[in-house]
Structure formats: structure tokens, C-alpha cells
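The chain contents come next:
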Protein chains: 2
Amino acid sequence: VLERLWRSLSLDRAGTIVALGGGTATDLAGFAAATYLRGVPWIAVPTTVVGQVDAAIGGKTAIDLPTGKNLIGAFHWPVMTVIDPLLLDTLDDIELLNGAGEIVKTGLLMGERIWELPLHEQVRRCAAFKSGICVRDPHERTGVRAQLNLGHTFGHALEAAAGYTALPHGRAVALGLLAAVRLSIRHYGLDAAIEHDIERTLRPEPVRVDPDRAWEALGRDKKAVAGSPRLVLLEALGRPVTGVELPASEVRAELERLIAK
Amino acid sequence: VLERLWRSLSLDRAGTIVALGGGTATDLAGFAAATYLRGVPWIAVPTTVVGQVDAAIGGKTAIDLPTGKNLIGAFHWPVMTVIDPLLLDTLDDIELLNGAGEIVKTGLLMGERIWELPLHEQVRRCAAFKSGICVRDPHERTGVRAQLNLGHTFGHALEAAAGYTALPHGRAVALGLLAAVRLSIRHYGLDAAIEHDIERTLRPEPVRVDPDRAWEALGRDKKAVAGSPRLVLLEALGRPVTGVELPASEVRAELERLIAK
């Protein structure tokens with residue numbers, strides 16, 4: 001799709017690309033904008049919850065490879081991200097549940113149960129929180145963004161094992177949050193009620209993928225060091241810890257709890 | 001080739017890509033480095049004259065599209081460019097003549113007849129001159145680099161019309177320099193002896209391409225504004241003028257003088 005987009009573009013450097021769609025569309029169009037003529041401006045108009053609270057904020061653009069999610073990409077901030085609450089009224093329940101994963105993630109990082117607020121207010125707070133983190137580190141050089149990866153290390157591995165199309169990002173994040181919260185309860189004494197909150201709000205369901213494939217994908221994570229994943233956990237609600245390395249056997253056991261037998 | 005490279009890479013962010021080859025290889029590998037994991041370090045080891053004096057210096061990476069040269073790319077400076085004079089001893093006469101185009105271009109911009117020096121000294125001076133220009137404007141935002149396009153607007157159009165593979169970059173630049181110098185003699189009174197210097201040193205030969213295709217490619221040049229190319233000309237040896245717009249009929253006539261009937 002990227003190659004088709006590249007070939008069909010006919011802009012000079014004064015042109016601007018407008019991306020209207022979900023996270024895949026804005027990530028793709030943003031990457032095309034990053035690389036066409038070595039970079040033209042772009043505007044993101046995300047139409048999904050995931051897009052409005054996460055994908056279209058922070059300047060990251062990317063496409064997937066068969067070997068892993070977001071492996072090809074660029075930092076290329078949109079000149080504007082348009083978040084229109086009316087677009088949320090066009091989404092069905094599956095899409096809203098898909099978006100709830102990123103909202104709960106952000107609430108856990110903020111230390112507020114924002115998932116109990118009206119949807120438009122959830123979106124507003126999440127977009128503001130992520131923007132605030134990302135503008136402090138626009139090209140991800142200081143490590144301040146690493147907390148945003150909460151639930152994503154396991155989530156990305158499941159998506160890769162599912163071949164991406166079979167498992168929506170938000171569902172993968174819901175499962176990833178469950179694993180991160182379970183490890184946080186065990187290692188940091190995080191309030192065990194949060195595990196139940198996640199189960200009630202996100203209703204994560206174990207996914208049918210090959211466990212070996214998921215485990216291999218975990219070792220290829222962009223933040224991995226020498227094949228060993230670095231996790232984001234929670235010391236408490238609103239207190240993330242980044243760069244956590246745990247024994248491979250324990251990480252693998254948590255991963256396998258997310259996979260249907 | 002880019003997609004094959006992307007799929008075969010297996011690096012984490014601490015990895016470095018080393019590109020050994022001519023300008024096409026270093027441009028491609030540099031672009032892969034720019035986009036893999038949203039950017040990993042790379043080292044350029046150019047093995048051709050064009051690579052050593054031009055392609056591997058300045059942080060530009062790119063690939064071509066069927067519709068135009070270098071249309072997809074990124075600014076991604078190598079952490080190091082290794083210029084080994086011994087590699088020049090491996091090149092045949094065709095490759096050396098190919099490289100002479102960029103050397104003469106640089107001499108015209110510097111205002112020195114560097115093409116009369118020993119080859120290793122030509123390369124050293126050209127690499128130093130281009131580095132000096134590019135570090136003043138690492139992401140091409142101020143216009144100081146525009147002079148480096150001398151001879152390239154016509155050259156790129158001929159390459160696109162030839163489908164890239166049939167016409168080496170250096171030969172296209174030699175023809176492009178001829179057109180730029182002819183226009184400079186007519187409009188700015190540039191010393192007419194320089195046209196003879198170019199003919200003697202570079203022996204440019206009209207190329208067999210479709211004139212309409214070349215003309216269309218000229219209008220798609222990255223520096224074109226609303227389909228009208230912006231040229232680099234010379235007021236005098238060492239005094240480039242950038243952003244020159246001339247009547248389309250005159251530009252087209254000069255382009256056609258470079259094309260074999």
C-alpha cells in the first residue's frame with residue numbers, strides 16, 4: 001500500500017497530505033509524508049478512538065513488516081491533528097471497545113480512573129496527556145516516552161503472532177495491560193483491584209496464536225536489548241517504571257496466559 | 001530492493017548499518033537506516049568517484065520512483081563517511097569519466113579548475129567543499145545547498161526519460177552542466193571558454209531519449225514551483241545564482257540540444 005501511495009502522489013514541496021482514517025491510515029500516510037520529497041507537511045484527522053487518543057499524536061509514523069509491528073517508520077510530526085468528537089458517534093461497539101485499551105492505559109499512567117468519564121472527555125484527557133509527554137521529547141531521545149509503552153510490549157508480540165489483521169491493536173493492548181498489571185501486582189504490590197478493573201472494562205479474551213511465534217516477536221521488540229524485552233510496569237496507579245527486565249521464564253509464562261490453549 | 005532490505009534486516013537500535021558501494025547503494029542503505037526502527041546509525045563507504053565527492057556526503061538518502069529520481073527519501077546523516085583513495089584505483093575509465101561530472105560541477109562552484117589536479121586531490125577538495133556547504137544547512141532549510149544542483153535539473157530529467165538504468169548519473173550531470181553553462185553564457189556573460197572546458201573534460205554526448213518525457217520530468221523536479229523548474233546558473237566562475245526561472249520555450253530548447261535526434 002505504501003508503494004502504491006508513493007507512486008500515486010503528485011505534489012511539490014508546498015503540498016500538504018491530509019490523512020483521514022484510523023491509526024493504520026494516519027501512520028501510513030504520515031510515513032508517506034515523511035519520505036515523499038524527503039518530507040512534506042501532513043495533517044492527521046483520526047476517525048477512531050485509538051487514532052484520536054494515541055496513533056495520530058506524538059509524531060510517530062510507521063508501517064509493519066511481517067516480522068514485527070511498526071518496524072519501518074519515521075518521526076514526522078503532523079502540522080495539525082484534528083480531533084472531532086462527532087466522528088466518535090460513527091463508531092460501533094467493537095471499535096469503541098478496541099479504543100478503550102488505550103484509554104485505560106492512559107488512565108493507569110495518569111493515576112485517574114478516566115474510563116468512568118463520558119467518552120468525549122476520556123478522549124480529550126488522553127490526547128492532552130499524550131501530547132504533553134511527547135512534546136517534551138519529540139524524537140524519543142530522553143526516555144520520557146517509554147511509559148507510553150505500558151501494555152504494548154506483550155500487545156505487539158501478540159499482534160505479530162496473529163499476523164496483525166486478525167487482532168485489533170486495542171484488543172492486543174487490553175491483553176498486554178493485563179500481563180503488565182499482573183506482573184506489577186506480583187513485583188511492586190500494585191493494588192490487585194486494578195486487575196479486576198481491566199477485566200471488567202476491557203473484557204480481554206485470550207487470543208488463538210502460536211506461542212513460539214509470539215515469544216520470538218517479543219524478543220524482536222524495538223525496545224529489546226540483545227533479544228531481551230524491556231517492560232513498563234506500575235509501582236502504583238500513576239507511577240510507571242520503565243526498562244524493567246525480568247527472567248525470561250516468568251515473562252514467557254505471562255505471555256502464555258494471554259494465549260488460548 | 002528497499003523492501004527486500006527492510007525484510008532482511010535484523011538489528012536492534014544499538015546496531016549500525018554499513019553501506020559499501022556506489023551512490024545508489026549508499027543512498028538506498030542510508031534510507032533503509034533512516035526508516036528501520038524509525039532510524040538507526042549508518043556508515044557510508046563510497047566506492048565510486050560520484051559516491052566519494054557527492055552521494056555519500058550531506059545526509060541525503062533516497063530511492064527513485066518511475067516518475068522521478070530521488071522522489072522518496074530522508075535526511076539521515078551517516079555517523080561517518082569513509083573516503084578511501086585506494087578504492088579509486090579499482091575503477092575503470094567509464095566510471096572515472098562518470099565521476100568527472102560532479103568534480104567539474106564542484107570546480108565551477110568553487111571557482112577553481114580543480115579538474116586539472118591529480119584525481120585523489122580532486123576528490124579531497126570536492127568532498128571538503130560539499131561537506132562545508134552541507135553542515136551549514138544539514139536539513140536543506142536555508143537554500144545554501146541549492147547551488148549544488150548546478151547541472152542537475154536537466155540531468156535528472158534526462159535520467160528519468162532514460163528510465164535511470166540506461167544513463168549513468170555522471171553522464172547526465174555532464175549534459176546538464178553543458179546546458180547550464182550555455183544559459184549562463186547567454187544570460188550572464190559567463191566566460192565562453194568554460195563551455196569548451198566542459199566539452200573537452202567531460203565529452204558529453206547527446207542521449208537518445210523521448211524529448212516529451214524529459215520535458216515532463218523537468219516539471220516534476222523537486223525544486224520546481226507549480227511545474228516550472230528553478231535553475232542554478234553561473235554569473236561567473238565561482239559565483240552561482242539559484243532559483244532562476246527562464247521562459248519555458250528557452251529551457252525546452254536547451255533540453256532538446258542534449259537529446260540525440
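Treat the numbers as computed from the prediction; the structure is a model and nothing was measured.

Asks: Help me understand the overall build of chain A in this model?
Replies: Across its full length, chain A carries 11 helices and seven strands. The C-alpha atoms of chain A give 18 Å as radius of gyration, which agrees with the globular expectation for 261 residues (18 Å, within 12%). On the principal axes, the C-alpha backbone points of chain A span a range of 55 × 40 × 35 Å. The contacts of chain A with a sequence gap of at least 6 include a subset with a gap of at least 24, amounting to 70%. Summing over all exposed atoms, chain A offers an accessible surface of approximately 10900 Å²; the carbon and sulfur share of this is 54%. Each charge sign in chain A was given a centre, from 29 positive and 31 negative side chains, and these centres are 4 Å apart.

Asks: What is the right way to read the relation of the copies chain A and chain B from this model?
Replies: Note on the chain copies: they are related by a rotation about an axis and a translation along it. Note on the identical chains: chain A maps onto chain B by a rotation of 180° and an axial translation of 0.0 Å, with an RMSD of 0.0 Å. Taken together, the rotation and translation describe the operation of a two-fold axis.

Asks: Is there a simple way to explain the pairing of strand 2 (residues 42-46) of chain A in this structure?
Replies: Residue and element names in this part refer to chain A. Of all five residues making up strand 2, five are buried, and the element is well covered by its neighbours. Burial of strand 2 is two-sided: the residues W42, A44 and P46 facing one way and the residues I43 and V45 facing the other way are all buried. Sheet analysis places strand 1 (residues 17-21) next to strand 2, joined by five bridges and oriented parallel. Bridging across to strand 2, I17 finds its partner in W42. In this fold, strand 1 hands off to helix 2 (residues 23-35), which returns the chain to strand 2; that crossover is right-handed. As paired elements, strand 2 and strand 5 (residues 80-81) share two bridges and run parallel to each other. Residue I43 lies in a different strand from strand 5, and its bridge partner there is M80.

Asks: Honestly, the sheet that holds strand 2 of chain A in this entry has me stumped. Any pointers?
Replies: Backbone hydrogen bonds are what pair the strands of a sheet, in a parallel or an antiparallel way. Residue and element names in this part refer to chain A. The three strands are arranged 1-2-5 in an open sheet whose pairing can be described as parallel. In this open sheet, the two edge strands, each paired with only one partner strand, are strand 1 and strand 5. Across the face of the sheet, helix 2 comes into contact with strand 1 and strand 2 while running at roughly 165° to strand 1.

Asks: Got a minute to help me understand the sheet that holds strand 1 (residues 17-21) of chain B in this structure?
Replies: All names here are of chain B. Pairing in this open sheet of three strands is parallel, and the strands run 1-2-5 from one edge to the other. With one partner strand each, in any of the chains shown, strand 1 and strand 5 (80-81) form the two edges of the open sheet. The sheet contacts of helix 2 (residues 23-35) involve strand 1 and strand 2 (42-46), and relative to strand 1 the element is tilted by about 165°.

Asks: Mind showing me how you'd approach the layout of surface pockets here?
Replies: The method is simple in principle: a probe with the dimensions of a water molecule rolls over the atoms, and the space it marks as empty is what remains. In this structure, the second largest pocket encloses a volume near 1300 Å³. In terms of lining, the second largest pocket is formed by 38 residues, of which the most central are R38 of chain A together with A74, F75, H139 and R141 of chain B. Of all the elements in the fold, those that place two or more residues in the lining of the second largest pocket are helix 2 and strand 4 (68-75) of chain A together with helix 2, strand 4 (68-75), strand 6 (231-236) and strand 7 (239-244) of chain B. Looking at side-chain class alone, the lining of the second largest pocket contains 15 nonpolar, 12 polar and 11 charged residues.

Asks: Even after reading the chapter, I still don't get the environment of G23 of chain A, so can you show me in this structure?
Replies: Within the element layout of this structure, G23 of chain A appears in helix 2. Between the alpha carbons of G23 of chain A and V49 of chain A there is a distance of 9.0 Å; along the sequence they are 26 residues apart.

Asks: Just to check I follow, could you spell out the pattern of salt bridges for this structure?
Replies: Two side chains carrying opposite charge are able to pair once their charged atoms lie near each other. Residues and elements named next belong to chain A. One pass over the full model with this rule turns up 40 salt bridges over all chains. Between K105 and E102 there is a salt bridge, with its nearest N and O atoms 3.3 Å apart. On the criterion of helical spacing, the pair formed by K105 and E102 is a turn pair, its members being three residues apart in helix 5 (residues 93-110). E102 matches K105 in its accessibility class, with the two residues each being buried.

Calculation rules
- Residues numbered from 1 in each chain as written.
- Chains lettered and ligands numbered in written order.
- Predicted model: local features only at pLDDT ≥ 70, side-chain atom pairs only at ≥ 80, totals over all residues.
- Heavy atoms only, no water.
- Helix = DSSP H or I, 4+ residues; strand = E, 2+ residues; numbered from the N terminus.
- Rg over C-alpha atoms; globule rule 2.2 N^0.38 Å.
- Contact = heavy atoms within 4.5 Å.
- Areas by Shrake-Rupley, 256 points an atom, 1.4 Å probe, with all protein chains shown as cover.
- Lys, Arg positive; Asp, Glu negative; His and termini not counted.
- Charge placed at Lys NZ, Arg CZ, Asp CG, Glu CD.
- Least-squares fit on C-alpha atoms with pLDDT ≥ 70 in both.
- Buried < 20%, exposed > 50% of the residue type's maximum accessible area, 1.4 Å probe, protein only.
- Pairing = 2+ DSSP bridges.
- Right-handed = clockwise from strand over helix to strand, strands pointing away.
- Axes fitted to C-alpha atoms, helices over the stretch in contact; angles between N-to-C directions.
- 1 Å grid on protein atoms, 1.4 Å probe; cavity = no way out; pocket = protein on both sides within 12 Å on 5 of 7 lines; lining within 4 Å.
- Points joined across faces, edges and corners; volume = space filled by probe spheres on them.
- Nonpolar A, V, L, I, M, F, W, Y, C, P; charged D, E, K, R; others polar.
- Salt bridge = Lys/Arg side-chain N within 4 Å of Asp/Glu carboxyl O.

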